[in-house]
Amino acid sequence: MWQLLEHYMDLQPTCCALRAIDIDIPADMVAEESGPGAQNSPYQLRRKSLLPKRTACPTKSSMEGASTSATENFGHRAKRARVSGKSQDLPAAPAEQYLQEKLPDEVVLKIFSYLLEQDLCQAACVCKRFSELANDPILWKRLYMEVFEYTRPMMHPEPGKFYQINPEEYEQPNPWKESFQQLYKGAHVKPGFAEHFYSNPARYKGRENMLYYDTIEDALGGVQEAHFDGLIFVHSGIYTDEWIYIESPITMIGAAPGKVADKVVIENTRDSTFVFMEGSEDAYVGYMTIRFNPDDKSAQHHNAHHCLEITVNCSPNIDHCIIRSTCTVGSAVCVSGQGACPTIKHCNISDCENVGLYITDHAQGIYEDNEISNNALAGIWVKNHGNPIIRRNHIHHGRDVGVFTFDHGMGYFESCNIHRNRIAGFEVKAYANPTVVRCEIHHGQTGGIYVHEKGRGQFIENKIFANNFAGVWITSNSDPTIRGNAIFNGNQGGVYIFGDGRGLIEGNDIYGNALAGIQIRTNSCPIVRHNKIHDGQHGGIYVHEKGQGVIEENEVYSNTLAGVWVTTGSTPVLRRNRIHSGKQVGVYFYDNGHGVLEDNDIYNHMYSGVQIRTGSNPKIRRNKIWGGQNGGILVYNSVPLCTF
């Protein structure tokens, strides 16, 4: 033991040996320890001239004890006597007392730095002081980074849940050790290291629970052969053209320093990179880059290949991954078939030469907090009764539409930020019927929401603003519900309904748009009610080219031009609206504008309350028309007899 203390820099002792070896100390040395200079004795002991000669060598039995279990190791201590039902330690031997109480912390820590995790845990059982020193975060950080490479602890509190923490902000004193315990039983894919690991059993004694493989395919084979429970760490590197078909509930996570997903790259050039099949319920893949990168990017040789392919009756978790596809067909992520129900969170699905996320054929799933951007086609496609839950995603700068639901696609979209896509932020087509709640849809290079060809959908409490064209387009027999939204500051109109469009436009706040707040034309017939339409740079509501509709109980005010325009053969019904404080006329019928104007309150306009001209013939009854600076009702230019 004294040689160990003298040469601790050059040896790698085990904690078991420290406790197992008994050493006799000369009486004069004991006396010196208890004398006036005892506080200096640890440093004197380190001087070679003061080292005592050992009077006995370790016996064979003590050496054997050093390599046995922790219970046998600690069996060399004096037995505890029981007094009145309580345990009481007998006095420690002088050498044991010295090691436990007087050896400087820095020396003990240096010795402990040579131990692996199991020996370090055994050392912590020796005494209170050793327990404190053996739990030093610096010791555990070194061991942790040697095994897992993470520069921040990766916590794994429950199956399918991983997250990194800042050690300084963690509530427990040693997150490195806590994470080590959570991640301990697993297999490691670390090319080139397996041979070294298995060739040095003494160096890695105590790590028998760890397995090392050179390829991911080999590690998956180990799971199938029940060599371990299914936790796989994929270490730094680029893994190319491995066939990764997952049909069991494995957990696969990247392990690397810094930004983990940037350092662990799995790519395929010939087939889908990951395929999840029936049996992979609750599988987990996280913290890595997943790429499909064919040599031939065209459609001729690559049909229906993806970075991630999730098939029927499986529900894997995909977490904190970077997902890229450079193929011009297919999609980066394809979720297809009855029972396909993944959870995809905190992923980056960007810069793909096709669709980002494709959900089809009755597939479902939860997709939250993802970054979806700069994809050549839609950021998200939902088709053929696909019905996902999509929350808090950032969908932006797409080279096509942001979200495209069509062919009976559905889905629940909540609190997403959808902006700066080249076409509409959200497109609904061909009987699709999504529900879009509390999203922000803005700065689209064309429109915000585009519903066409019998599309439907519910758009509720969204913010739709600053789009180059209309905030909402509805056309070709589509019939959506637009309720409780703020639609404002568009570079053209707020809501544009044309080409036989329908829909319920209800309870919205529509303001500050460059053209009309609501425009209805070409045989369209929506229901427009309970909206506030105000402060537009043009008119409030513009009905033209045989537009129709029921417009009731709205408040239309403070618009630059007319509150309501009706023209060119249009026949809307305007009922129980408050139309006031306009900077021109309140309601303006012209150029064969017709319709019904009844039970409205029309007041305080800069011009007349109602103006009728050029062949128009509305029915006007039971209205309050007052406060107009240029009269109540003005009729001119050979207008036929109107009905009042």
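In case you missed it, the structure is sitting above this.
Cut-offs and rules
- Residues numbered from 1 in each chain as written.
- Predicted model: local features only at pLDDT ≥ 70, side-chain atom pairs only at ≥ 80, totals over all residues.
- Heavy atoms only, no water.
- Patch = residues over 30% accessible without salt bridge, like charges linked within 9 Å, V, L, I, M, F, W, Y side chains within 5 Å.
- Areas by Shrake-Rupley, 256 points an atom, 1.4 Å probe, with all protein chains shown as cover.
- Salt bridge = Lys/Arg side-chain N within 4 Å of Asp/Glu carboxyl O.
- Lys, Arg positive; Asp, Glu negative; His and termini not counted.
- Charge placed at Lys NZ, Arg CZ, Asp CG, Glu CD.
- Helix = DSSP H or I, 4+ residues; strand = E, 2+ residues; numbered from the N terminus.
- Buried < 20%, exposed > 50% of the residue type's maximum accessible area, 1.4 Å probe, protein only.
- Contact = heavy atoms within 4.5 Å.

A. Summary view of a negative patch on the surface. Together, Glu195, Asp214, Glu217 and Asp218 make up a region of like negative charge exposed at the surface. Along the chain, Asp218 falls in helix H14 (residues 216-224). On the basis of relative accessible area, Asp218 is assigned to the partly exposed category, the value being 43%.

B. Inspection of a nonpolar patch on the surface at higher detail. A cluster of nonpolar residues, Trp243, Tyr245 and Met277, forms a patch on the protein surface that exposes about 260 Å² of accessible area. With respect to the secondary-structure elements, Tyr245 resides in strand E9 (residues 244-246).

C. Representation of the environment of Ile372 in the model. Tracing the chain through its elements places Ile372 in strand E23 (residues 371-373). With 25 residues separating them in the primary sequence, Ile372 and His397 have C-alpha atoms 8.7 Å apart. Among residues more than four places away in sequence, those in contact with Ile372 are Ile349, Ser350, Gly379, Ile380, Asn393, His394, Ile395 and His396.

D. The pattern of salt bridges, seen in detail. One pass over the structure, following the stated rule, counts 27 salt bridges. For Glu552, the salt bridge identified is with Arg575, shortest N-O distance 3.4 Å. You can see Glu552 sitting in strand E46 (residues 550-552) and its partner Arg575 sitting in strand E49 (residues 573-575), a full 23 residues away along the chain. By relative accessible area, which is 12% here, Glu552 ends up buried. You can call Arg575 partly exposed: its relative accessible area is 23%. Overlapping salt bridges bring together Lys345, Glu368, Asp369, Arg391, Arg392, Glu414, Arg438 and Glu461 as one network.

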